[in-house]
Amino acid sequence: SPAIDAGGATALATDQRGSPRPAGVAPDLGAVEFTPFINTPIAGLPGVDDSSVAWGDYDSDGRLDFLLTGSGISQLCRNTGSGFTDVTASVAPGLPGVNESSVAWGDYDNDGRLDFLLTGSGISQLWRNTGGGFTHVTASVAPGLPGVFWSSVAWGDYDNDGRLDFLITGWTGSSPVSQIWRNTGSGFVEVTASVAPGLPGVFFSSVAWGDYDNEGRLDFLLTGWTGSNYVSQLWRNTDSGFTNVTASVAPGLPGVYFSSVAWGDYDNDGRLDFLLTGLNISDFVSQLWRNTGSGFTNVTASVAPGLPGVEYSSVAWGDYDNDGRLDFLLTGRNISGSPVSQLRRNTGSEFTHVTASVAPGLPEVYASAVAWGDYDNDGRLDFLITGRNVSGSPVSQLWRNNAPVSNTPPSVPTGLNVSAASSGLTFSWNAASDSQTHASGLAYHLRVGTSTGGSDLLSPMAATDGKPRLPRSGALQPTRSRTLKTGGMLIGQPIYWSVQAADTGFAASPFATEQVLTLAGMPIPVNGPYTPGDTNGDGVVSEQEFAAVRAALGTDELTTQNAAGYYTEAQVQSLHVGTPLISQVSPGRFRLTLGVRKSTNLTNLTNPFTDFRLDTSGSSILVNPDGKLEFEFPATDNAAFFRIGAE
């Protein structure tokens, strides 16, 4: 909200032309003259095409480095603070040069250091960051990973176990593939047939993860050529696998290849929209699809008029002018065979072509890659662009942003909370605020670990001070909660967690005050949901039912006492006698609600269905308006074990 001065009037700031504006409100850069993007040469940087480029702070020094591939080259360039240096030979010895490539950074082993996947020229390689450099670990960590050409790779934790999985597409030399590889914690296994049956193999392809329906599970978009058909498919994560929902959710979505797809919430309504480019038979496609909440609709004509269709393309979202709205860069080859590079500014009502005024001299390229990142930490997004220019020569250029308005990070999220169910722990928080980006346009990065500041259970890919190691707004999952499965968490092990906010300019807040909870008392399944004790719903855990529970948990530590649940602060583990629910009323005081069926006609406390005995004072018992039994009790150590004996 606007600041108020001592006299009660709205305090005003001055924009670049001297006009007053409310404090905390970004100026309208559409009406402001400012120094445009400047091509900033990097000594020795080779031009590449059939390329890929990705920013990432691999050495955790707070400055974005980058990985560049194409034209038979793979090069890791370190940001020294005064420029970039090729460190490939010393940091990643043996890294092969590739063509028709894709690269992606991700902390697959949750050690706080960025690793990377590299594909192209018939190879697929996973390189692990050891802290002193990178080592090739594909054979031991992802045995059987197929080498591919004309490929795409993307990281994403599709099963919410806190470990990054990946999706890979491309041509193996004999057939197209599309594969999902699940991270087990000790390596990767290919699970496509079981989790996404019918997923078509594609090449000349693009893939991107994003939670389009805000259900807390990553869905994905896939495009490419199957060898006989062009496809663009949206696959929804049902929690038990993926299903192709294109026809019902995005009817009319054109199949494309030589393609690019990118998720982004361009209208800041809290729902992910997407850009799609590529070739469909003889039709060159560039389309913006808006998420309405019930599906997607093509809004290109009204929102991005004049947007040229392109193939051999690349698209990337980023808020270059710090007005809180996502803009985009688009490159590729149009229907006349000419290369295209366009910077489109989001005015709030449409996207306008501003390349000539904002980035004069920007090379028009195809067989290209574009990536946003604030390499000089000045609060303004810069970009890398690669590809084949109009004369057929490969180019690689860094363009520095000289806009007058510097981005500021969001506020720290508040109201951190965690709850539990059979699906796992759900971490949640209140919305942060930001001077440039609307609250609904903010995204969040969650950190969960077994030590203070740790991230071994879920990596935020950010430093402990909040500095991002990847330039991203968190568009994969823009909601204010995240569910994490508890498989593999140790009994009695404290769990430390926090969260930060990120805006459309990729600036991130510090992490919120760290929270801690402890798992204890009840064994936790290694994978998957809890096995209900009361399977038949009769209110009694029989010997047979209890044997199934013990088998699922893999332990003999339980006894047949009809255990119903265990509570530590903000968490429940349960075996479900009825549907018990426990909540914290106040520090050190809890309320247990037993979900007794209304058909039992529980209207008074004489019903013998459940008898509570607790050797503590200050407890109370009542029947709530829903006919459910409520038992409120204190626990001085802020934790309580409860047992329900059904008669």
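Calculation rules
Residues numbered from 1 in each chain as written. Predicted model: local features only at pLDDT ≥ 70, side-chain atom pairs only at ≥ 80, totals over all residues. Heavy atoms only, no water. Core = buried A, V, L, I, M, F, W, Y, C linked by side-chain atoms within 4.5 Å. Buried < 20%, exposed > 50% of the residue type's maximum accessible area, 1.4 Å probe, protein only. Phe/Tyr/Trp six-rings, centres within 6.5 Å; stacked < 30°, edge-to-face > 60°. Helix = DSSP H or I, 4+ residues; strand = E, 2+ residues; numbered from the N terminus. Pairing = 2+ DSSP bridges. Axes fitted to C-alpha atoms, helices over the stretch in contact; angles between N-to-C directions. Salt bridge = Lys/Arg side-chain N within 4 Å of Asp/Glu carboxyl O.

Student: Looking at this model, I keep getting lost on the nonpolar core. Mind explaining?
Tutor: Ranked by internal contacts, the top residues of the largest apolar core, which has 35 residues, are W105, F134, W155 and F188. In this structure, W429, L484, W497 and A512 belong to the second largest nonpolar core, which totals 19 residues.

Student: Could you clarify how one ought to interpret the packing of aromatic side chains in this entry?
Tutor: How two aromatic rings sit relative to each other is set out by the distance from centre to centre and by the angle between their planes. Enumeration over the complete set of coordinates arrives at 51 aromatic pairs. Ring centres of W209 and F242 lie 6.1 Å apart, and the angle between their planes is 55°; this geometry places the pair in the tilted category. Here W209 is found in strand β16 (residues 203-210), whereas its partner F242 is found in strand β19 (residues 242-244), with 33 residues between them in sequence. Comparing W209 with F242 shows no difference in burial state: the two are buried.

Student: Explain the sheet that holds strand β12 (residues 149-156) here, please?
Tutor: Either a parallel or an antiparallel arrangement is found when strands of a sheet pair, and the pairing is made through backbone hydrogen bonds. The strand order across the open sheet formed by four strands is β12-β13-β14-β15, and the pairing between neighbours is antiparallel. Of all strands in the sheet, those with a lone pairing partner are β12 and β15 (188-190), marking the two edges. If you compare each strand with its neighbour and ignore which way they point, the axes differ by 20° on average. Relative to β15, strand β14 (residues 176-183) runs antiparallel, the two being bridged by three bridges. Each bridged residue has a counterpart across the sheet, and for W181 the counterpart in β15 is E190.

Student: I'm lost on the pattern of salt bridges in this one. Help?
Tutor: Any two side chains of opposite charge can pair if their charged atoms end up close together. Enumeration over the complete set of coordinates arrives at 26 salt bridges. With its nearest N and O atoms 3.3 Å apart, the salt bridge here joins D50 to R388. With D50 in the loop between β3 (38-39) and β4 (52-56) and R388 in strand β29 (residues 382-388), this pair connects stretches of sequence that are 338 residues apart. According to the relative accessible area criterion, R388 is buried, its value standing at 19%. What you see here is one network of salt bridges that share partners, running through D59, D61, R63 and R78.

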